[in-house]
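Summary of structural features
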Amino acid sequence: MKLVALTCSFCGYAATDLAGLQGMKYSSDVTIIRLPCTGRLDVKHVLQAVRMGADGVLVVGCLEGNCNYQYGNLEARKRVEQAKGIMKEIGLEPERVEMVNLASNQPWRFVQAVEDMYVKVERMGPSPLNKVRR
Amino acid sequence: MMSNLQSVLSSGRMAVTAEIGPPKSADAETVRKLARHLKGSADAFNLTDNQTAMVRLSSIASGVVCLQEGVEPIVQMTCRDRNRIAMQSDALGASALGIRNILCLSGDHQCFGNQKEAKNVYDVDSIGQLMLLRKMRDEGQVWGGDKLEKAPELFLGAAANPFADPFEHRVVRLAKKLAAGADFIQTQSIYDVDRFERWMSQVRARGLHEKVHIIAGVMPLKSHKVALYMKNKVSGMIVPDHIIDRMKNAADPKEEGIRMCVEQIKHLQSIEGVHGIHVMAVAWEEKVPVIVKEAGLLPRPVV
Amino acid sequence: MIIAEQKPIPRIVEMLEGHKSMLVVGCRSCVAICLAGGEKEVSILSEALRIESDLKGNGWQVDEVTLERACEKEWVGEMREKVSGHDAIISLACGVGAQVMQELYPDVRVLPGLDTSNMGAPEEQGIYLEKCGGCGDCVLHLTGGICPIARCSKSLLNGPCGGSQNGKCEIDPDVPCGWDQIYHSLERIGRLDLMEVPIPPKDWRRSRSGGPRKIVRKEAVLTPEEKSARGAR
């Protein structure tokens, strides 16, 4: 299984760090990518991850109202929706892409989000693009 | 030869017109039967032109069927479906076939009908249309100046809707239609009599009631649901709540609808400047004779 | 500006049947502003097409380029090297840009990735309204600065029809009545007198009805001698 987490440096990325420091266990199949803010997320980034064989893409932004740049996480949510729309148009399950909001001091929420995504894509099966690249 | 409608109106008598909706088929008999049934209950009958943008038997063809039955038609002609070439040609054709009254209309947008994908025309609007047809009649020329061997004989009508907005502009629009060539005006169905009277006082203030024949429109209601539908769904219609309540509380709504329509006609006739009544009994045409009779407007004058 | 929107991806994919190597071409002018065909949209569509190709095993080569202005030959000419080797151009420029591309690259099939809609303006971010009917004979001085051709559903010239109610058009309660807007604009300017003047049937020869339009600015056109002296095309 290949998961990609596109994380905001202020919350999501910090939470992964904290999860590590606290020795919390979660799937090793997840590749964590740091964004300055989820406001930097582009629809293209999500699609690129999918094209490169990700079975699931998780965008991790700050809690709504807590964005360091005010609206970055809200914009990101719209782009995630747009990416889901494109996934649907080209015949891929839009559920392979999700966004979660959490705070830097909530590592367990990050762990939970990864586990939820893992269970979900396992149920759906691997992305057809993952097979292509294997 | 002057149209019967024109004769009645110029004689100063209260005119009566009514509406016949052509069928959604090639069956002329529907129109013929209605014409026979309605003969004598009005001075002339409007043949609607693909109303609400539904494809129907053409208004000119329906008008000819009426003529064959000795019933005078008012052919409605919308700007939605024809450019100025077709419009002038149809006017010549109508006149050649003996049709004397043409009602100039913008027409309902095609999005209401069964040809929603259609491209509309609107080469001219109803005011431009009046200008075209008046020029043909009065100057014996088509638009642009080419001479007609024989000018059409036409009595030109237009619509007015005192219930559309902006209200203050409605009398201005009437004045423009008059300036463009309207000889008579048929109004939208009147339920909000107060607003109609306010509009009429503006009409009189401009002296327009002496220059054009205003024929007040009425539509009998079959049920309170119809009234609600018109209030909520039909743009440019006002149906006051007291009318809806009256229909709702009626023991026999259909009878009540007719009674109310008759009352309205009696009242509208008393308004200065109203020269006629137009009965739009949509899909209920058979009731026209009884409505006109109970309103005290029978028999129709022979002029 | 020109307002356009992207066709659904499955429609674009249908058009690509039989092609192997495509260049997605965007434009940084109008269609970038209406978020239909700028650099970002080019990259997203390209990525989606690459996924499509991987999913179906089409083996497509999808490349991208975004021009400064796709409606001018000078700019479109600059992508010559990029175009070579491709058997299709997917234009994310407006219909004008797509045609200029086809004209400059007559051997490559140009496919429209956008549906070009109208001449309009952004009302707010993400909302674009048609403003100009392009009739070739502007009447805005008579209509309070609001175009009756574009903003009345029936392109009426003499005021609102009987379907105008509460400022809305009969076609849809979400569509403002253009003539209601004109009326209130003239009211604000103090020129309601203009609503009283009947406007005769319009001369549509300068509109699309007169055939494809061509405007020549004599003082700007170069003579053959001037062209050769200046090395102009």
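Residues numbered from 1 in each chain as written. Chains lettered and ligands numbered in written order. Predicted model: local features only at pLDDT ≥ 70, side-chain atom pairs only at ≥ 80, totals over all residues. Heavy atoms only, no water.

Focus: the side chain of His169 of chain B
Counted only if it meets this: For the purposes of this entry, the term helix denotes a DSSP run of H or I that reaches at least four residues, the term strand denotes a run of E that reaches at least two, and both are numbered from the N terminus. Classification of residues uses two cut-offs on accessible area relative to the type maximum, computed with a 1.4 Å probe and protein chains only: under 20% is buried, over 50% is exposed, and between them is partly exposed. Every residue pair with non-hydrogen atoms within 4.5 Å of one another is taken to be in contact.
For His169 of chain B, the location among the structural elements is in helix H6 (residues 167-180). Judged by its relative accessible area of 0%, His169 of chain B is buried. Those residues in contact with His169 of chain B that lie beyond four places of it in its chain are Asn158, Gly159, Pro160, Tyr183 and Met195 of chain C.

So, the interface of chain C and chain A
Using the following cut-off: Two parts placed together each lose some accessible area under a 1.4 Å probe, and adding up what both lose gives the buried area. The rule for a salt bridge is simple: a side-chain nitrogen of Lys or Arg has to be within 4 Å of a carboxyl oxygen of Asp or Glu. We call two N or O atoms a polar contact when they sit within 3.5 Å, provided that within protein one can donate a hydrogen and the other can accept it, with sequence-adjacent residues counted only if both atoms are side-chain atoms.
In this complex, chain C contributes 13 residues to the contact, which on the side of chain A involves 16 residues. Where chain C abuts chain A, roughly 1400 Å² becomes buried across the two surfaces, and 67% of that area is made up of carbon and sulfur atoms. Of all residues in chain C, Ile44, Glu47 and Ile51 of chain C bury the most surface against chain A, accounting for 39% of the area lost on that side. Remark: the boundary between chain C and chain A carries two salt bridges. A salt bridge links Asp42 of chain A to Lys40 of chain C; the shortest N-O distance between them is 3.1 Å. Put simply, chain C and chain A have three residue pairs in polar contact (both at pLDDT 80 or more) between them. Looking at the side of chain C that touches chain A element by element, the count peaks at 10 residues for helix H3 (residues 39-56) of chain C.

Observations regarding the state of the cysteines
Rule in force here: Criterion for a disulfide: a pair of cysteine sulfur atoms at a distance within 2.5 Å.
Applying the stated criterion to the full structure yields zero disulfides over all chains. The closest cysteine sulfur to the non-disulfide-bonded Cys169 of chain C is located on Cys177 of chain C, 6.5 Å from its own sulfur.

Structural notes on the environment of Asp49 of chain B
All names here are of chain B. Relative to the helices and strands, Asp49 is located in the loop between strand S2 (44-47) and helix H3 (59-68). Given a relative accessible area of 3%, Asp49 falls into the buried group. Through-space distance from the C-alpha of Asp49 to that of Asp81 is 9.4 Å; in sequence the pair is 32 residues apart. Asp49 has contacts with Ser59, Gln76, Met77, Thr78, Arg80, Asp81 and Arg82, leaving out every residue within four places of it along the chain. A polar contact of 2.8 Å, which involves the side chain of Asp49, links it to the backbone nitrogen of Thr78.

Some thoughts on the arrangement of the chains
The assembly contains two pairs of chains in contact; the pair sharing the most contacts is chains B and C. With respect to C-alpha atoms, chain A approaches chain B no nearer than 26 Å, and the pair has no contact.

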